[in-house]
Number of protein chains: 2
Amino acid sequence: MFRGGYTGKILRIDLSKQSAREEALPEELVKNYLGGAGFAIKYLYDEVKPGTPALDKANKLIFAVGPLTATGASCSSRMAVVAKSPLTGAVGMALAGGQFPAEMKRAGYDMIIIEGRAEKPTYFAIKDDEVRFRSAEKLSGMMTTDTQLFIKEELGDHNYRVACIGPAGEKVVPMACIVNERRAAGRKGLGAVMGSKNLKAIAVRGTKRPSIADADSFKKARQAMNKAMKESPVLYPEFAKAGTPMIIDAMTEMGIYSIKNWSATGQINMVPGLGREAQDEMIITRAHCHDCPVGCSQVKLVTSGPYSGYLSEGPEFETTYSLGSTVGVDYLPAVIAADRLCDEYGIDTISAGVAIGWAMELYEKGILTRKDTDGLDLKFGNHAAMIEMLRKIAYQEELGALLGQGTKKAAEKIGQGTGDYAMQVKGLELPAYDVRGAKAHGLNYATSYTGADHNRGYAFQEIFDVPHPEKVDRLAIKGKGRLTKWNQDVRSVTCDCAPMCAFLLDMALPDIACQNTADLVSAASGMSFTAGEIQQIGERLNNIARLFNIGEGFGRKDDTFPKRLMTEPIKEGASKGQLISQKDLDEMLDEYYSVRGWDKNGTPTAAKLKELGLKTH
Amino acid sequence: MFRGGYTGKILRIDLSKQSAREEALPEELVKNYLGGAGFAIKYLYDEVKPGTPALDKANKLIFAVGPLTATGASCSSRMAVVAKSPLTGAVGMALAGGQFPAEMKRAGYDMIIIEGRAEKPTYFAIKDDEVRFRSAEKLSGMMTTDTQLFIKEELGDHNYRVACIGPAGEKVVPMACIVNERRAAGRKGLGAVMGSKNLKAIAVRGTKRPSIADADSFKKARQAMNKAMKESPVLYPEFAKAGTPMIIDAMTEMGIYSIKNWSATGQINMVPGLGREAQDEMIITRAHCHDCPVGCSQVKLVTSGPYSGYLSEGPEFETTYSLGSTVGVDYLPAVIAADRLCDEYGIDTISAGVAIGWAMELYEKGILTRKDTDGLDLKFGNHAAMIEMLRKIAYQEELGALLGQGTKKAAEKIGQGTGDYAMQVKGLELPAYDVRGAKAHGLNYATSYTGADHNRGYAFQEIFDVPHPEKVDRLAIKGKGRLTKWNQDVRSVTCDCAPMCAFLLDMALPDIACQNTADLVSAASGMSFTAGEIQQIGERLNNIARLFNIGEGFGRKDDTFPKRLMTEPIKEGASKGQLISQKDLDEMLDEYYSVRGWDKNGTPTAAKLKELGLKTH
């Protein structure tokens, strides 16, 4: 049994009964799934039956940290939040950093499984071994910052860390998120699952320190990791200084920063307003997650003009796209305001912005009119309209109620071929990378178990000059199946299970990621993991998640793109003329399924399942 | 020497030198000034020379609590904040409640005197005996809620309590305030003084408990006080349930709730939108200051419409006037949003709203045009324009830069007789009570040492059916001099020096206030105060404040009203036809000066000074 790293305890909350009980963390689970997303998705697969509606009380909401969280290992204050997603119907998994994950670990839990549904708005507070349920009726409708403050005040200790939903989660908007401080488990509508359970928040305060089984080895592994970080050509000083917006200009130069609902990718006119220089000017300080030496999170503040006073921890690269370039807005103060408002309402910046960008295109095409928009002039670039539409999404007002369902469902309702340019895969709105000019990104969007999710297998090799596991041509089709598998598996285990911050993998550790994780976890836990076992855990996770999705009816037909990407080439810029045709996609999928040991429909073969020790239900 | 109640220590901060030193609290000071405003104004008088510009580094900013703060005496977590006011040029004194005052006391200080000016934006943190100075450069321009959160995070302990300024204070807007949590030392521009010193915030964390010299006597005095509170005909359940908006309907019925820059007092059309019933509907919970059993502070939240998500601890009665009735706005969600924004920007709700109401009247009269308002349609009732104008005041943009100077200076600049209906006394904008129909309120506005300030001698006898010290007719002129002196002296000592919450005096303790304060303070401190000595401390405070103001050139000529109140009778409602003529005012002033022992110009006589043990410089 593990002697450190893990707390060894799972907390199971039944909201219907307002009860809490502890379970021992099974050693088998640790060996096969390591932690974080691994733990949570394994339990989701075992405990949530196929066909369970995502907003039904039989869905479960699971928070899981990992063996490195709060150990002092760099960049390890991460948690996975998992449930069946109301936006996609597939596995919903999102990660969040900040302080909450470390606090949860220090309270003594590796995982919290939340079941049932409270009769009335509720929150619960964990103080080490003690769990208290409390009414959240007075918090109903409250924005997330105020919610956190009121809970801390009520508990009489502002050092609690709180993860909560905003008004959107309470209204079970399918793109609602879960916010802790200024960080979010943003995507796939996990905030709606929390809202459907009448759970407004979780407060946690922990005073314990996870033990380390082999302190010397752990120190060595940490040093190796920190050395790799220091030697990274991009992590310092650039990434620490600018954060993710560092790459906006580069993406624009490469012609793959998506603009105006992906109709105008390749234009460079957004850079002066949204690019690195504009972003740098608004930075007032940077924020560090717990145990993070980098602090990539840039805090920006608007100090003049109509959005004066708005502060956000961001906007990140992705949010600059979703609340900026894809809605045609190049006025950064508006993006900052919109970013903050999304955090306060508790809605995912990517899905919300992409849905609004799509509605703007419909409005410009005349498919939506001022009658549909409640008088808003919803044209590209109208930031005031964008901001008001965010509010309507959060509060389910008029057109906002439709857009909040996500572009997939909204397009089904509106019809008229609008689904062809509803920028989503499996119901999850697309991140910023125009995959027509970055094919492994494309294959990853198409096959990620959560839908179009850059974080499940980010092809950094197409963006940075990193030769690991191989040097790639971003426009090539061949080889992208193998690359995507590697990215998805390695990322799953290091970033989603350990879990450590994804940016490390992309920018500092690609070639040592699995060995480093093996060394750290082995030293912390006193168990023994090889690099190969570690990588296989990542593969196992991608397979069990696939099994869950197959149970929900997903298959090869869903591993695809909106028609626009397969038929409309990029019109200008460095990726001009590029698209991913059906043939390209098929070629990539065939290779991908093949290296994964999946059949032609993307179903894991019996041999693969056996190899991974997996059983279908 | 006192054995309890007081900490016995003054903390003197020199921002220029970034130094902190402790001084012993002089026993003489305690005997003559008790605490709170008494302490602070005595030091202001002694240490800030006549003619010192309010925004000069020679001005001092003083925070003072009292002998009852954090002792467990009900409603005693109050502090006085004092400086020469940039808005009036007179004594600036404002009180705030919440948690900060108790925390400051528990850190071990009765008073903090802040001198000089930091070279760069700074804050300081007090943890019991330790004082640390820190850069606040990264906090520049930050709203007050974010400021508090960032400071707590930086200090590594969210249980610090923080008093801070917002963007308006940094820009030394003369109506800027100081905010701790959702409470403010709101009036007279003390936030600008703080900003002029480059002091963004004070963080404090105290772990001590003030001792009590005679626990048995203290317990008895507390019980007497709590009994009087319980027996109050209005405190429970009404005031605890509705807070200050309780009286909006009654004020409207009495025809003295001021509307549209005091041009439409007596109208009842605002009640459905702003009155008790509308307010009650928005309440989600109530907030308690430290050691307060009442919790009058009603937290309200907007859950639909364009201001969805805005939460404020309020709006109080006064703010409902300044950001509601006097700007012709009867849409409560807009008032709540405006209230919150004022707290975030750090501007006084009363001065800001009254200034905007006045600008609206100028706009409707054609004296201001859209050219002056940067295109805003600044007519009464336009809440969106009001909210945008608040931002312009905070950020000193265009017309906002002028209005932020206060209506007195703005009227001097605009001319055209606009000063006749600039609703201010000594530069401080008028609170809600239309004094034409409540004469003692009028005399108090005219003579309060801080300008038109309802809190320095509130004539509750004209509002509630309270016969102490005598039954009064609100429309009578005669007797109001004597009444005003009593109100100002008793309130000064109990609410401003002790300091205890003003609502107790108004609603529960008027007939036992001085005796109760004497009993509590004597028991806590181990010193001996009689009720008469206590009341005399209040009188002494009003005299030394008057001396300070005389040094600044104030006299009888300044104890007056805007011309509107003396020449335009109230047009409709229960106070129709009422005004306070120059003759009325003179009669009241003569009586007031006479009972005060002041000469015809309002200067304390040598005999009075001798009686009070005061010396002029």
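Data block above holds the structure.
Residues numbered from 1 in each chain as written. Chains lettered and ligands numbered in written order. Predicted model: local features only at pLDDT ≥ 70, side-chain atom pairs only at ≥ 80, totals over all residues. Heavy atoms only, no water.

Colleague: Could you give an account of the pattern of salt bridges, with specific residues and numbers?
Modeller: All names here are of chain A. Enumeration over the complete set of coordinates arrives at 118 salt bridges over all chains. Note that Asp129 is salt-bridged to Lys9, the shortest N-O span being 3.1 Å. Separated by 120 residues along the polypeptide, Asp129 in the loop between β7 (122-127) and β8 (130-135) and Lys9 in strand β1 (residues 9-14) bring together distant segments of the chain. Taking the relative accessible area as the measure of exposure, Asp129 reaches 48% and is therefore partly exposed. One connected set of salt bridges, linked through shared partners, spans Arg12, Arg21, Glu23, Glu47, Lys60 and Glu115. (Salt bridge = Lys/Arg side-chain N within 4 Å of Asp/Glu carboxyl O. Helix = DSSP H or I, 4+ residues; strand = E, 2+ residues; numbered from the N terminus. Buried < 20%, exposed > 50% of the residue type's maximum accessible area, 1.4 Å probe, protein only.)

Colleague: Quick rundown of unusual backbone geometry? Include the residues and the values.
Modeller: Most peptide bonds take the trans configuration, and most residues that are not glycine carry a negative phi. In this chain, A:Gly314 is followed by A:Pro315 through a cis amide linkage whose omega measures -5 degrees. Mapped onto the elements, A:Pro315 comes out in the loop between β15 (311-313) and α12 (317-322). The residue after B:His468, namely B:Pro469, is reached through a cis peptide bond having omega 0 degrees. Phi angles above zero are rare outside glycine, and A:Ala70 is one such case at about 65 degrees. Mapped onto the secondary structure, A:Ala70 falls in the loop between β3 (61-64) and β4 (79-84). What makes A:Ala70 buried here is its relative accessible area of 4%. Even without being glycine, A:Trp262 reaches a positive phi, approximately 70 degrees. With respect to the element layout, A:Trp262 can be found in the loop between α9 (248-253) and α10 (271-274).

Colleague: Outline the interface of chain B and chain A, supporting the account with residue identities and numerical values.
Modeller: The interface is formed by 35 residues belonging to chain B together with 35 residues belonging to chain A. Taken together, the two surfaces of chain B and chain A that pack against each other cover about 2,700 Å², and 52% of this comes from carbon and sulfur. Counting the contacts that link chain B with chain A gives four salt bridges. At the junction of chain B and chain A, the tally comes to 16 residue pairs in polar contact (both at pLDDT 80 or more). Looking at the side of chain B that touches chain A, the elements with two or more residues in it are α4 (144-155), β13 (283-287), β14 (297-301) and α13 (332-345) of chain B. At six residues, α4(B) tops the list of elements feeding residues into the side of chain B that touches chain A. Its residues assigned to classes, the side of chain B that touches chain A comprises 12 nonpolar, 12 polar and 11 charged. (Contact = heavy atoms within 4.5 Å. Buried area = accessible area lost by both parts, 1.4 Å probe. Polar contact = N/O pair within 3.5 Å; in protein donor to acceptor, adjacent residues only side chain to side chain. Nonpolar A, V, L, I, M, F, W, Y, C, P; charged D, E, K, R; others polar.)

Colleague: Before we move on, can you summarise helix α18 (residues 439-447) of chain A with the specific residues and values?
Modeller: Helical geometry note: an α-helix holds 3.6 residues per turn, so side chains three or four residues apart project in the same direction. Residues and elements named next belong to chain A. The buried fraction of α18 is high, at nine of nine residues. Among all positions in α18, only Lys439, Ala440, His441, Gly442, Leu443, Asn444, Tyr445, Ala446 and Thr447 are buried. Here the buried face of α18 lies against β16 (424-425), α19 (480-497), α22 (531-551) and α24 (582-596).

Colleague: Provide a residue-level description of the packing of helix α7 (residues 215-231) of chain B against helix α21 (residues 513-525) of chain B, including the pertinent values.
Modeller: All names here are of chain B. Two numbers describe how α7 lies on α21: the axes approach to 8 Å, and their chain directions differ by 155 degrees. Taken as axis vectors, α7 and α21 run roughly antiparallel relative to one another. Our pair here, α7 against α21, has a crossing hand that is left-handed. Residues Ser217, Phe218, Ala221, Arg222, Ala224 and Met225 of α7 form the contact with α21, whose participating residues are Asn516, Asp519, Leu520, Ala523 and Ala524. For the contact of α7 with α21, a count of residues per class yields seven nonpolar, two polar and two charged. (Axes fitted to C-alpha atoms, helices over the stretch in contact; angles between N-to-C directions. Parallel < 35°, antiparallel > 145°, perpendicular 65-115°, else oblique. Left-handed = near helix turned anticlockwise from the far one by under 90°.)

Colleague: So, the sheet that holds β14(B): which residues are in play, and what are the values?
Modeller: All names here are of chain B. With antiparallel pairing, the three strands of this open sheet are ordered in space as β13-β14-β15. Two strands bound the open sheet, and with one partner strand each, they are β13 and β15 (311-313). Each neighbouring strand pair of the sheet contributes to a mean axis angle of 20 degrees, computed without reference to strand direction. Looking at chain direction, β14 and β15 are connected through three bridges and run antiparallel. For Lys300, the partnering residue across the bridge sits in β15 and is Ser312. Running over the sheet, α13 touches β14 and β15 and is turned about 70 degrees from β15. (Pairing = 2+ DSSP bridges.)

Colleague: Quick rundown of the packing of aromatic side chains? Include the residues and the values.
Modeller: The description of an aromatic ring pair rests on the distance of the ring centres and on the angle between the ring planes. Residue and element names in this part refer to chain B. Applying the stated criterion to the full structure yields 29 aromatic pairs over all chains. Measuring from ring centre to ring centre gives 6.2 Å for Tyr307 and Tyr331, while their planes differ by 50 degrees; the resulting arrangement is tilted. Pair noted here: Tyr307 is in the loop between β14 and β15 and Tyr331 is in the loop between α12 (317-322) and α13, with a separation of 24 residues, a long-range link. Members of the aromatic cluster, each reached through a chain of ring pairs, are Tyr257, Trp262, Phe317, Tyr321, Tyr433 and Tyr458. The side chain of Lys31 reaches across the aromatic face of Phe529, ending 4.4 Å from its centre. Sitting above the plane of the Tyr421 ring, Lys365 keeps its charged end 5.0 Å from the centroid. (Phe/Tyr/Trp six-rings, centres within 6.5 Å; stacked < 30°, edge-to-face > 60°. Lys NZ or Arg CZ within 6 Å of the ring centre and 35° of its normal.)

Colleague: Explain α7(B) residue by residue, including any values.
Modeller: If you check α7(B), its first and last C-alpha atoms are 24 Å apart, about what 17 residues at 1.5 Å a residue would give, namely 24 Å. The inward-facing, buried residues of α7(B) contact α8 (235-242), α20 (502-507) and α21 of chain B. (Expected span 1.5 Å × (residues − 1).)

Colleague: How would you explain the packing of α19(A) against helix α21 (residues 513-525) of chain A if you had to name every residue and give the values?
Modeller: All names here are of chain A. At a closest axis distance of 10 Å, the pairing of α19 and α21 adopts a crossing angle of 30 degrees. Between α19 and α21, the interaxial angle falls into the category roughly parallel. Classified by chirality, the crossing of α21 by α19 is left-handed. Counting all contacts with α19, which are made through Val490, Val493 and Thr494, the residues of α21 involved are Ala513, Cys514 and Thr517. Here the contact of α19 with α21 is built from residues that sort into four nonpolar, two polar and no charged.

Colleague: Please set out the environment of A:Glu568 residue by residue, giving values where relevant.
Modeller: Residues and elements named next belong to chain A. Residue position: Glu568 is located in the loop between α23 (563-567) and α24. When its relative accessible area of 28% is taken as the criterion, Glu568 is described as partly exposed. With 305 residues separating them along the chain, Glu568 and Ser263 place their C-alpha atoms 8.8 Å apart. Beyond its immediate chain neighbours, meaning those up to four positions away, Glu568 contacts Arg436, Lys563, Gln578 and Leu579.

Colleague: A description of the relation of the copies chain B and chain A should follow, citing residues and the corresponding values.
Modeller: The transformation that overlays chain B on chain A combines an axial shift of 0.0 Å with a rotation of 180 degrees, and the residual RMSD is 0.0 Å. Both copies are brought into coincidence by an operation consistent with a two-fold rotation axis. Across chain B, the rotation axis passes nearest the C-alpha of B:His158, at a separation of 2.5 Å. Interface residue correspondence from chain B to chain A reaches 100%, placing this contact among same-surface, isologous pairings. (Least-squares fit on C-alpha atoms with pLDDT ≥ 70 in both.)

Colleague: Please provide a residue-by-residue account of the pairing of β8(A), values included.
Modeller: Along any regular strand, the residues point their side chains to alternate faces of the sheet. Residues and elements named next belong to chain A. Note that β7 and β8 share six bridges and pair antiparallel. If you follow Ile126 over to β8, its bridge partner there is Val131. Between β7 and β8, which follow one another and run antiparallel, lie two residues, and Asp128 among them has a positive phi close to 50 degrees.

Colleague: Residue-level account of the side chain of B:Arg540, with values.
Modeller: Residues and elements named next belong to chain B. Within the element layout of this structure, Arg540 appears in helix α22 (residues 531-551). Here Arg540 is buried and forms no salt bridge, its nearest opposite-charge partner Glu539 lying at an N-O distance of 7.9 Å. Excluding anything up to four places from it in sequence, Arg540 contacts Lys31, Asn32, Tyr33, Leu612 and Leu614. (Lys, Arg positive; Asp, Glu negative; His and termini not counted.)

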